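Geometric and topological summary
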Amino acid sequence: MATLQPMKLSEVLAERGLSLESHANGEAPAEITDREIKREPTPRANYLRDIYFDTLSSLDIQESYWYSRAAMEHEGEVPIMRRGYALKSVFEHLDTPIWPHEQLVGAKAGFYRGSAPLPWLTESFFMDKDSDLYKAALDTGAESSAEVSHFGAGGGNVTKSFGNVVSVGGKYGVRLENVPAMHRLAYAWAGKSVEDVARKYEQMVPEYKIKENIMKSVVSNFDSGFTIPQGREVMNYYFVLEHGFDELIEICKKRAGEVAGEPGGDGISGMDRLYYYTSMGLLVQGLSKWFENYGREADRLISITNDENEIVELAEISERLHRLAHEKPKTFKDAFQTIYLLHLAELNEDAMSGLSPGRIGQVLYPYFEQDIENGTITEKEVEEWQELYRVKMTCIDAFACTGVVGGVLSGNTFNNVCIGGVDRDGKSAANRLEMIMLDAGINCQTTQPTLSLLYDESAPEEFIMKCMECVKTGAGYPAIMNNRIAMEFLINQYGHEGMTVQEARAWSVGGCLETSPGTWMPLHLNGKLHWIPGGSAQPTSVGIHFINNPKILELVLNNGFDKRTGLQVFPPHDKSFETFEELDGQFKAYYQKACEVLNKCMNIQHDVWRKFTPSMVNSLLKPNCLEKGLGIAQKGYRYNSTFNIECCGTCNQINSMAAIKKLVYEDKKYTLDQLKDALDNNFGYKTSKEVGSESLKDQEKRADDDGRYDEIHADCLRAPKYGNDDPYVDQMLYDWEQWFCNDLPATIENLYGEPYYVCQMSVSTHGPEGAVTAATADGRLQGTTFADASMSAYPGTDTHGQYALFESATGWDHSMSQNSQMNLKLHPSAARGIEGSRKLMDLTRAYMRKGGFHIQYNIIDSRVLKKAQANPENYRTLLIRVAGFTQYWVEIGKPIQDEVIARTEYESI
Amino acid sequence: MCKYRDCDFYIPIDVVKGIDHAHGDVVVMGDDEIDDAEFVPAHKCKFCSHYQASEKNMGICSGFETEYWAFAENGACNCEAFEMAAEAIKA
């Protein structure tokens with residue numbers, strides 16, 4: 001009697017003893033287990049967080065308007081002066097709302113969760129969809145990844161228009177009455193934006209057609225120079241903390257006079273110094289007015305409220321902001337308010353993600369120590385301010401195109417605060433304020449700022465245990481980064497720019513896990529000298545964005561042709577691959593070609609950006625700009641070798657290579673053509689498009705499937721898999737890392753004439769990049785999500801425990817790369833109690849000591865996630881760690897949700 | 001009837017709602033009418049004496065040295081050229 005054909009992938013796998021919701025190291029308890037640690041924020045922070053939970057992501061075009069108006073009025077000026085006038089006008093005129101019960105004030109725009117279009121950077125994606133300009137942008141492939149990017153339908157995302165609210169980019173809402181003005185602003189910059197000007201020159205690159213096809217086929221995820229040209233870097237708040245605005249205005253004025261007409265021995269950039277100091281003077285005047293306006297708003301609110309408590313609090317805000325508009329901060333609250341508004345100021349000058357405050361627990365420590373000593377603040381107050389900061393940072397939205405904000409960032413903005421590490425003298429830098437920050441992160445769970453522990457062996461046990469307690473809340477932070485590995489990377493990469501061991505100690509994480517150079521700055525407070533860390537480098541993760549590794553392998557197998565789009569992406573190689581080495585060589589040849597072409601085009605985009613709309617706020621704040629009178633465009637920053645090659649899908653690439661080598665070239669069980677036939681036919685399954693889902697568990701067999709691919713699919717699934725301490729496949733990873741980290745970057749040069757390096761993390765790109773990729777030889781089906789991160793195993797394939805996974809992951813030198821990424825999902829019962837915390841600490845230490853760069857944990861019962869997926873309305877506050885960031889479950893697209901559910905759940909340590 | 005969202009003590013939260021700072025209530029658009037007697041016009045371009053409406057929700061700003069287009073809903077509480085129009089005060 002014939003048996004029924006299994007329809008779902010999950011059923012087929014179950015027949016083979018495999019599961020999409022894999023468990024390792026035992027079985028989960030029968031009952032669903034909640035997270036162990038649960039605490040509440042203060043009533044004030046809770047009130048303000050509750051507003052956030054009920055707030056829509058909203059577009060405010062006020063910044064767009066004032067910038068454009070001033071820029072048009074100063075057309076013909078030296079570009080940096082024009083930008084200076086424009087940003088000054090923005091900061092002078094922005095609305096400065098203060099919501100009830102706030103103490104820490106400030107907002108990017110006029111809404112609680114607001115952001116603004118920046119049409120001078122890019123305008124095509126928020127034009128009306130019928131416009132020729134919008135259609136022209138589509139032709140370039142700039143929006144291709146948007147077609148396969150998803151936002152979660154819940155939370156604050158405005159995924160559809162309703163009433164008088166128009167959805168833009170699938171996430172943001174704009175009031176209908178403001179749409180004509182938004183379009184007018186977009187058209188005003190058409191042909192003049194960084195996007196449009198760069199496009200004109202990009203097309204002069206002889207291989208431009210390859211670049212366009214690379215974007216259309218989503219071999220690379222997005223353009224660099226006009227989407228999020230800044231970010232993945234660390235702020236440096238020092239100059240305002242040390243000098244205050246009035247003094248900075250005087251410094252700029254004095255220095256402008258000193259350098260006017262003087263090349264200073266530099267015949268190329270020397271004359272630029274006059275425009276630098278003059279434009280920075282304009283910017284600082286605008287910032288000062290912005291602070292002042294918050295003081296004025298507090299004054300106005302005092303006049304319209306009768307609440308005595310509120311009047312007292314508003315008066316405090318008023319006094320502080322009026323004073324900080326001119327003077328340097330004196331107290332902890334002063335300094336905290338200052339760095340928060342400076343952070344927003346930088347975010348307002350560009351479309352940005354991954355702007356990290358850095359090691360603010362160490363930056364603010366001198367003020368904390370002073371105020372605690374003189375009794376003007378209590379630790380409880382400090383903790384509440386940290387909670388308020390968490391809410392304010394979570395309100396930050398970035399406005400960029402769907403492919404970036406949805407496909408890469410999952411709506412997150414990656415404001416990373418780092419704790420721990422070592423000080424200037426190499427001793428543990430962990431301090432009491434950072435302990436309080438961890439408590440605030442436990443009490444007030446929010447997505448921002450995410451926390452990262454710069455793990456060093458010198459850290460006190462108590463501090464690491466507090467980190468573990470925080471991890472056990474399930475918030476996904478702190479992630480743990482290896483201080484030693486990061487310092488080695490920095491010395492290797494930036495040695496030629498003067499990086500020393502002492503300077504490397506000032507590093508921090510920009511964005512989710514981009515190792516970023518820092519420096520020590522001498523802060524004077526009450527006659528004492530404090531060396532505080534701060535960022536000193538250009539944006540990282542600019543350059544070549546998220547090369548889709550498995551897609552390149554697919555193109556190798558198909559002679560450079562992409563069957564999904566019908567495009568000949570790379571020139572045909574016309575090889576039949578008699579040996580595995582020949583195939584591997586072609587893979588690298590296509591990879592190299594992709595990087596070469598993308599580099600040329602991205603260099604042009606960033607060159608136009610630095611000429612027209614260079615960083616102003618960061619060019620003021622980062623050493624050594626103010627000292628030299630040179631901004632980012634003239635290499636005023638201390639470190640400039642920051643461009644990188646990001647990749648995605650390493651695990652699927654390596655597993656696929658291993659399967660091809662074993663099944664085709666060693667066992668010779670199948671010919672390459674037979675394997676290609678199976679991949680072309682998706683092993684007998686429907687395409688993800690036919691199923692209507694890119695999620696693993698939704699995939700179904702074709703109705704007419706006769707089972708002819710079942711055996712080859714089973715063999716592909718059973719081929720050696722990364723993550724099990726299996727030298728066969730692990731060695732392939734190590735060989736790849738040697739080429740990828742060392743050989744490839746040496747062949748290309750960024751626009752600053754500096755060398756590249758590689759960056760290995762997925763963020764959310766494993767969703768959309770998987771969506772455009774055919775079935776792979778590791779048994780993964782067409783269109784489904786790749787493995788997350790770079791060192792994580794593919795869901796369900798790491799069956800030998802965490803330590804076997806660690807062995808696989810650490811057989812190569814992680815300091816060859818800016819980062820590597822390991823995500824681990826643990827059942828809450830695995831880390832229960834003090835004993836569980838100690839086990840978690842030991843597990844973490846084991847990975848760090850073996851040379852792993854990064855590990856982060858999801859402490860969650862997968863069944864909770866399934867319930868949350870089925871009933872999102874009951875889980876608005878549920879946080880989950882994705883890949884380098886924590887996000888509200890309901891704001892994540894379904895493919896990534898499914899991937900997180902499917903990750904191997906370790907039931908014990 | 002006037003709208004809360006045009007009122008001086010309305011602080012926007014997002015594109016559909018805001019807080020009435022005078023009373024502490026959340027006000028949702030579409031359900032945000034306010035008695036004329038209580039209404040205090042907000043600082044918005046459309047209530048400025050230098051704003052001349054030219055088309056729906058758009059107009060001309062003559063408050064600065066150079067005239068430029070403007071949009072009605074633009075917040076102007078920090079605009080140095082803002083002057084409340086007589087008819088807005090009357091409303």
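So, how was this worked out
Sequence order sets the numbering: in each chain, residues are counted from 1 along the sequence as written. Chains carry letters and ligands carry numbers; both start at the beginning, A for chains and 1 for ligands, and go up in the order they are written. Totals for whole chains, interfaces and linings use all residues, but because this is a predicted model, local features are given only for residues with pLDDT of at least 70 and pairs of side-chain atoms are given and counted only at 80 or more. Computation of side-chain values: all heavy atoms of the structure, hydrogens and water removed. Put simply, DSSP H or I for four residues or longer makes a helix, DSSP E for two residues or longer makes a strand, and each gets a number counted from the N terminus. C-alpha atoms define the radius of gyration in this analysis, and the globule rule sets the expected value at 2.2 Å times the number of residues to the power 0.38. Any two residues whose heavy atoms approach within 4.5 Å at even a single point are treated as in contact. Think of it in three bands: residues with accessible area under 20% of the maximum for their type are buried, residues over 50% are exposed, and the middle band is partly exposed, with areas taken using a 1.4 Å probe on protein chains only. Values of accessible area rely on a 1.4 Å probe in the Shrake-Rupley scheme; residue burial ignores everything except the protein chains shown. In this description, a line fitted to the C-alpha atoms serves as the axis of each element, helices being fitted only across the stretch in contact, and the angle between N-to-C directions of two axes falls anywhere from 0 to 180 degrees. Put simply, angles under 35 degrees are roughly parallel, angles over 145 are roughly antiparallel, angles from 65 to 115 are roughly perpendicular, and the rest are oblique. Crossing handedness is defined as follows: a turn of the near helix away from the far one that is anticlockwise and smaller than a right angle gives a left-handed crossing, while the clockwise case is right-handed. Note on residue categories: nonpolar means Ala, Val, Leu, Ile, Met, Phe, Trp, Tyr, Cys or Pro, charged means Asp, Glu, Lys or Arg, and polar means any other residue, Gly included. Where each domain begins and ends follows an automated or database-derived domain assignment. Buried surface area refers to the total accessible area, computed with a probe of radius 1.4 Å, that the two partners give up upon joining, counted for both partners together. We count a salt bridge whenever a side-chain nitrogen from Lys or Arg sits within 4 Å of a carboxyl oxygen from Asp or Glu. Whenever two N or O atoms come within 3.5 Å, that pair is a polar contact, provided that in protein one can donate a hydrogen and the other can accept it, and provided that, for residues adjacent in sequence, both atoms are side-chain atoms. Every residue is assigned a pLDDT by the predictor, reflecting its confidence on a scale from 0 to 100. Only protein atoms enter the 1 Å grid, on which a cavity is a set of points fitting a 1.4 Å probe that cannot get out and a pocket is an open set with protein on both sides within 12 Å along at least 5 of 7 lines, lining residues being those with an atom within 4 Å of a point. Grid points are joined across faces, edges and corners, and a volume is the space filled by probe spheres set on the points. Note on aromatic pairs: the rings of Phe, Tyr and Trp (six-membered ring only in Trp) are paired at centre separations within 6.5 Å, and the planes decide the class, stacked below 30 degrees, edge-to-face beyond 60, tilted for the rest. The criterion is that NZ of a Lys, or CZ of an Arg, lies within 6 Å of the ring centre and within 35 degrees of the ring normal, and then a charge sits over that ring.

Another aspect to go through is the overall build of chain B. When you go through chain B residue by residue, the secondary structure sums to 1 helix and 8 strands. Going from the N terminus to the C terminus, chain B shows its helices and strands as β-β-β-β-β-β-β-β-α. What you see for chain B is a C-alpha radius of gyration of 13 Å, in line with the 12 Å of a compact globule of 91 residues. Taken along the three principal axes of its C-alpha coordinates, chain B extends 40 × 25 × 25 Å. For chain B, the share of sequence-separated contacts (at least 6 apart) that also reach a separation of at least 24 residues comes to 53%.

The next thing to look at is the overall build of chain A. Scanning chain A from N- to C-terminus turns up 35 helices and 24 strands. Principal-axis analysis of the C-alpha atoms gives chain A an extent of 85 × 60 × 60 Å. Among the 909 residues that make up chain A, the fraction classed as buried is 69%. In chain A, the share of contacts with a sequence separation of at least 24, taken over all contacts with a separation of at least 6, comes to 78%. Roughly 27500 Å² of accessible area belongs to chain A as shown, and the carbon and sulfur atoms make up 51% of that amount.

Our focus in this paragraph is the packing of helix 26 (residues 650-666) of chain A against helix 30 (residues 727-743) of chain A. Working note: a packed helix pair is described by the angle between its axes plus the distance between those axes. Residue and element names in this part refer to chain A. In the contact formed by helix 26 and helix 30, the axes pass within 9 Å of each other and the chain directions differ by 120°. Of the possible angle classes, the one that applies to helix 26 and helix 30 is oblique. Seen along the crossing, helix 26 lies across helix 30 with a hand that is right-handed. Together, Thr650, Gln653, Ile654, Asn655, Met657, Ala658, Lys661, Lys662 and Glu666 of helix 26 and Tyr728, Val729, Met732, Leu733 and Trp736 of helix 30 make up the contact between the two elements. Tallied by class, residues from the contact of helix 26 with helix 30 come to 8 nonpolar, 3 polar and 3 charged.

Residues and elements named next belong to chain A. Interhelical geometry of helix 7 (residues 194-202) versus helix 23 (residues 580-612) gives an angle of 135° and a closest axis separation of 9 Å. Regarding the angle of helix 7 to helix 23, the classification is oblique. Like other packed secondary-structure pairs, helix 7 and helix 23 cross with a definite hand, here right-handed. Judged by residue contacts, Val194, Val197, Ala198, Arg199, Tyr201 and Glu202 of helix 7 engage Cys601, Ile604, Gln605, Val608, Trp609 and Phe612 from helix 23.

A few words now on the domain arrangement of chain B. All names here are of chain B. With domains assigned, chain B is organised as domain 1 (2-38) and domain 2 (43-91). For domain 1 and domain 2, the distance between their C-alpha centres works out to 20 Å. Contacts between the two partners involve 5 residues from domain 1, matched on the other side by 6 residues from domain 2. Together domain 1 and domain 2 conceal approximately 340 Å² of surface at their shared face, both sides included; 34% is due to carbon and sulfur atoms. For the interface between domain 1 and domain 2, the tally reads 2 salt bridges. Among the residues making up the side of domain 1 that touches domain 2, the classes are represented as 1 nonpolar, no polar and 4 charged.

With that settled, consider the interface of chain B and chain A. Listed per partner, the contact involves 32 residues of chain B and 46 residues of chain A. Around 3300 Å² of area is buried between chain B and chain A when both sides are counted, 59% of it from carbon and sulfur atoms. Counting the surface chain B buries against chain A, the share from its top three residues, Val15, His21 and Asn78 of chain B, is 22%. Taken together, the links from chain B to chain A amount to 1 salt bridge. The salt bridge partner of Asp8 of chain B is Arg300 of chain A, with a shortest N-O separation of 3.1 Å. Joining chain B to chain A, the criterion identifies 15 residue pairs in polar contact (both at pLDDT 80 or more). Counting residues per element, the ones that place at least two in the side of chain B that touches chain A are strand 2 (10-12), strand 3 (17-20), strand 7 (58-61) and strand 8 (68-71) of chain B. Tallying contributions element by element places strand 8 of chain B first for the side of chain B that touches chain A, with 4 residues. Residue composition of the side of chain B that touches chain A, grouped by class: 19 nonpolar, 6 polar and 7 charged.

Further remarks concern the confidence of the model for chain B. Residue and element names in this part refer to chain B. Across chain B, the average pLDDT comes to 92, with 97% of residues at or above 70. Averaged pLDDT values for the elements of chain B fall to 73 in helix 1 (residues 86-90) and rise to 98 in strand 8. If you check the scores for this complex, the pTM reads 0.95 and the ipTM reads 0.97.

Here we come to empty space enclosed by the protein. Tallying each qualifying case throughout the model produces 16 cavities of 30 Å³ or more. Taken as a whole, the largest cavity encloses approximately 570 Å³ of empty space. Lining the largest cavity are 31 residues, with Asp95 of chain A together with Pro12, Lys44, Glu73 and Gly75 of chain B sitting closest to its centre. Of all the secondary structure elements, the ones that give two or more residues to the lining of the largest cavity are helix 11 (272-303) of chain A together with strand 2 of chain B. By residue number, the principal contributor to the lining of the largest cavity is strand 2 of chain B, which donates 3 residues. Split into classes, the residues belonging to the lining of the largest cavity amount to 13 nonpolar, 7 polar and 11 charged.

Moving on: the packing of aromatic side chains. Taken as a whole and judged by the stated rule, the model has 46 aromatic pairs over all chains. Between Trp66 of chain A and Phe64 of chain B the ring centres are 5.9 Å apart and the planes differ by 70°, which places this aromatic pair in the edge-to-face class. Here Trp66 of chain A is found in helix 3 (residues 62-73), whereas its partner Phe64 of chain B is found in the loop between strand 7 and strand 8 on a different chain. Residue Trp66 of chain A is classed as buried on the basis of its relative accessible area of 4%. Classification of Phe64 of chain B as partly exposed rests on a relative accessible area of 22%. For the ring pair Tyr172 of chain A and Phe399 of chain A, a centre distance of 4.7 Å and an interplane angle of 70° mean the geometry is edge-to-face. Pair noted here: Tyr172 of chain A is in strand 5 (residues 172-175) and Phe399 of chain A is in the loop between helix 16 (379-394) and helix 17 (402-405), with a separation of 227 residues, a long-range link. For Phe399 of chain A, a relative accessible area of 4% translates into the label buried. Ring pairing ties together the aromatic residues Phe332, Phe336, Tyr340, Tyr365, Phe368, Trp385 and Tyr389 of chain A, which thus form one cluster. Just above the ring of Trp531 of chain A sits the side chain of Arg424 of chain A; from NZ or CZ to the centre is 3.9 Å.

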